[in-house]
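# Structural overview
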Amino acid sequence: MGSTQRDRLVQGVRAARWTAGLGAAGLTAAFSVAAAHAFKGHDGRKTTAAPTRATTTTTHKVTVPGPDRVPAIAGGGALQPPQSAPQSAPPQQQQVPQQQQQAPQQQVPQQQAPPVSGGS
Amino acid sequence: MNGARWEALGTTASVYVADAAALDAARAAVEAELAAIDASCSRFRDDAELEHVNAAAGAPKRVTPLLEEAITVALRAARLSDGMVDPTIGEALILAGYDRDFAAIRRGDAPPLRAITVPGWRAVRIHNGVLTMPRGVRLDLGATAKALAADRAASAAARAANTGVLVNLGGDIAVAGAAPAHGWTVGIGDDHRGPADQTITIRSGGVATSSTAVRTWGPGRHHIIDPRTGMPTAPHWRTVSVAAGSCVDANTASTAAVVLGAQAPRWLSERNLPARLVAHDGAVTTIADWPQELLAA
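Bear in mind that the values here come from a model prediction, so they are computed numbers and not experimental data.

Reading the values: rules and limits
Residues numbered from 1 in each chain as written. Chains lettered and ligands numbered in written order. Predicted model: local features only at pLDDT ≥ 70, side-chain atom pairs only at ≥ 80, totals over all residues. Axes fitted to C-alpha atoms, helices over the stretch in contact; angles between N-to-C directions. Helix = DSSP H or I, 4+ residues; strand = E, 2+ residues; numbered from the N terminus. Parallel < 35°, antiparallel > 145°, perpendicular 65-115°, else oblique. Left-handed = near helix turned anticlockwise from the far one by under 90°. Contact = placed C-beta atoms within 7 Å. pLDDT = per-residue confidence, 0-100. Nonpolar A, V, L, I, M, F, W, Y, C, P; charged D, E, K, R; others polar. Pairing = 2+ DSSP bridges. Expected span 1.5 Å × (residues − 1). Buried ≥ 20, exposed ≤ 12 C-beta atoms within 10 Å, placed from the backbone.

## A few points about the packing of helix H3 (residues 65–80) of chain B against helix H5 (residues 142–161) of chain B
All names here are of chain B. Axis separation between H3 and H5 bottoms out at 9 Å; the angle between their running directions is 120 degrees. Accordingly, the angle class assigned to the pair H3 and H5 is oblique. The interaxial crossing formed by H3 with H5 has right-handed handedness. Here H3 contributes Ala70, Val73, Ala74 and Ala77 to the contact with H5, which in turn contributes Ala143, Thr144, Ala145 and Leu148.

Here you go:
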């Protein structure tokens, strides 16, 4: 094999390597763009880190996995407003009779103060 | 109204029926539901399933269908409240001093308040009855389990008694079945033991009230934890009441509103949830279709 023929072969190999390299780079870029569109990441907004734990007695490392799909239950997509809005009612006798507060179990007679939604 | 009242779940339970003859059947159904929820979801019973689950954190654990439902409801509440109602605050509650049944807590017992990083509800997975959460996570279902109990108990009682039923569990109110002709009359106030500041009527769903004015054990110490800080929420609203399609949704919204503070009115309004918010200075804000207060004659 003459030197000229050998030089041509070397140049051919170099050209093939460049072509393969450029092709690989192009494919990597294309897949990166596709992956970026397929899997959404952060929205770019800044977030404030939660305060770190002060001195604690336990040092368990908590590994947080990715979000899980929450099984659908009735009305799972949103907090549901009531079917009909609450209405005003005339004020009634509000005080719970002392007798009821002391008795652990008993029947509540008719015309009694209504049940109260309040803190517990 | 015809009803009965007793102590359960560390608070007061009561049931009211549209048909007086159905009271015993309704009460029996409610008591059965409450007993099941207590055995499954209590944080203060050594034999409760939730305590076994918390002790086993770090490894997959099969749970009963009832606890699966309760955890699923809690995770849904966390998702729909943007993380403001988070079941992974168990450790934060203990550090704040709420480490035993509330009746056993004495004022001044708790150590100084300190911030803690709440693991966050996304750390919890439950699928096909198997719960997985990292070691160190401690669940507290208090924000939603009582409301779930009210919803379940009202439905069970309405079926068993074949009449309209209202169940009140420490201020978490759920109704089921046919309502009385003029609806169910419900008082609204800081404390479910009364007195009420306003009286309304509802026909379906539920009403819940979250308050920092009760279940307190010292300055700045109450049972509503802000998951962002791991500490009791900062004082803004004294009491928030919400009406919703279920007691669980009402409780989720009222608890989230207390945590959100000044952002709560907008958050509730965007969800079209009728609500009544009382600031610490007594100023009242109403949202959506919450009725105006009628003055006594």
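Having put the structure on the table, let's press on.
## A few points about the confidence of the model for chain A
Residues and elements named next belong to chain A. Confidence in the prediction of chain A, expressed as mean pLDDT, is 64, and 45% of residues score 70 or more. This model gives residues 44–75 a pLDDT under 50, and the stretch forms 41 contacts once residues within four places in sequence are excluded. Below pLDDT 50 for its whole length, residues 93–105 participates in 18 contacts with residues either more than four positions away or in separate chains.

## Here's the deal with the packing of helix H1 (residues 23–41) of chain B against H3 of chain B
Helix packing for two helices is described by the angle between their axes and how far apart those axes are. All names here are of chain B. Where H1 meets H3, the axes come as close as 9 Å, and the angle between the chain directions of the two elements is 75 degrees. As far as their axial angle goes, H3 and H1 are roughly perpendicular. Within the contact between the two elements, H1 uses Ala36, Ser40 and Cys41 and H3 uses Leu66, Leu67 and Ala70. Here the residues of the contact of H1 with H3 are counted per class, giving five nonpolar, one polar and no charged.

## Overview of the sheet that holds strand S9 (residues 198–202) of chain B
Read across the sheet, four strands follow the order S1(A)-S9(B)-S8(B)-S3(A) without closing on themselves; strand pairing throughout is mixed. The two strands at the open ends of the sheet, each matched to only one other strand, are strand S1 (87–88) and strand S3 (116–119) of chain A. As paired elements, strand S8 (residues 184–191) of chain B and S9 of chain B share five bridges and run antiparallel to each other. The residue bridging isoleucine 188 of chain B from the neighbouring strand is glutamine 198 of chain B, located in S9 of chain B.

## A closer look at helix H6 (residues 247–260) of chain B
The α-helix winds at 3.6 residues per turn, so residues separated by three or four positions along the chain end up facing the same way. Residue and element names in this part refer to chain B. For H6, with 14 residues, the first-to-last C-alpha span of 20 Å sits near the 20 Å given by 1.5 Å per residue. The buried fraction of H6 is high, at 14 of 14 residues. Glycine 261 sits one or two positions beyond H6 and adopts a positive phi of about 65 degrees.

## What about the environment of valine 73 of chain B?
Residues and elements named next belong to chain B. Tracing the sequence through the fold places valine 73 in helix H3. On the basis of neighbour count, valine 73 is assigned to the buried category, with 25 C-beta atoms found within 10 Å. A C-alpha to C-alpha distance of 28 Å links valine 73 and threonine 285, two positions 212 residues apart in sequence.

## Considering the pairing of strand S7 (residues 172–176) of chain B
All names here are of chain B. Extensive coverage of S7 is indicated by the burial of five of its five residues. Here S7 shows no split at all, with Asp172, Ala174 and Ala176 on one side and Ile173 and Val175 on the other all buried. By the bridge criterion, five bridges tie strand S6 (residues 165–169) to S7 in an arrangement that is antiparallel. By the bridge assignment, leucine 169 is partnered in S7 with aspartate 172. Counted between consecutive antiparallel strands, the loop separating S6 from S7 contains two residues, among which glycine 170 sits at a positive phi close to 55 degrees. Taken together, the two bridges between S7 and strand S10 (residues 206–211) define a ladder with antiparallel strand orientation. What sits directly across from alanine 174, in S10, is glycine 206.

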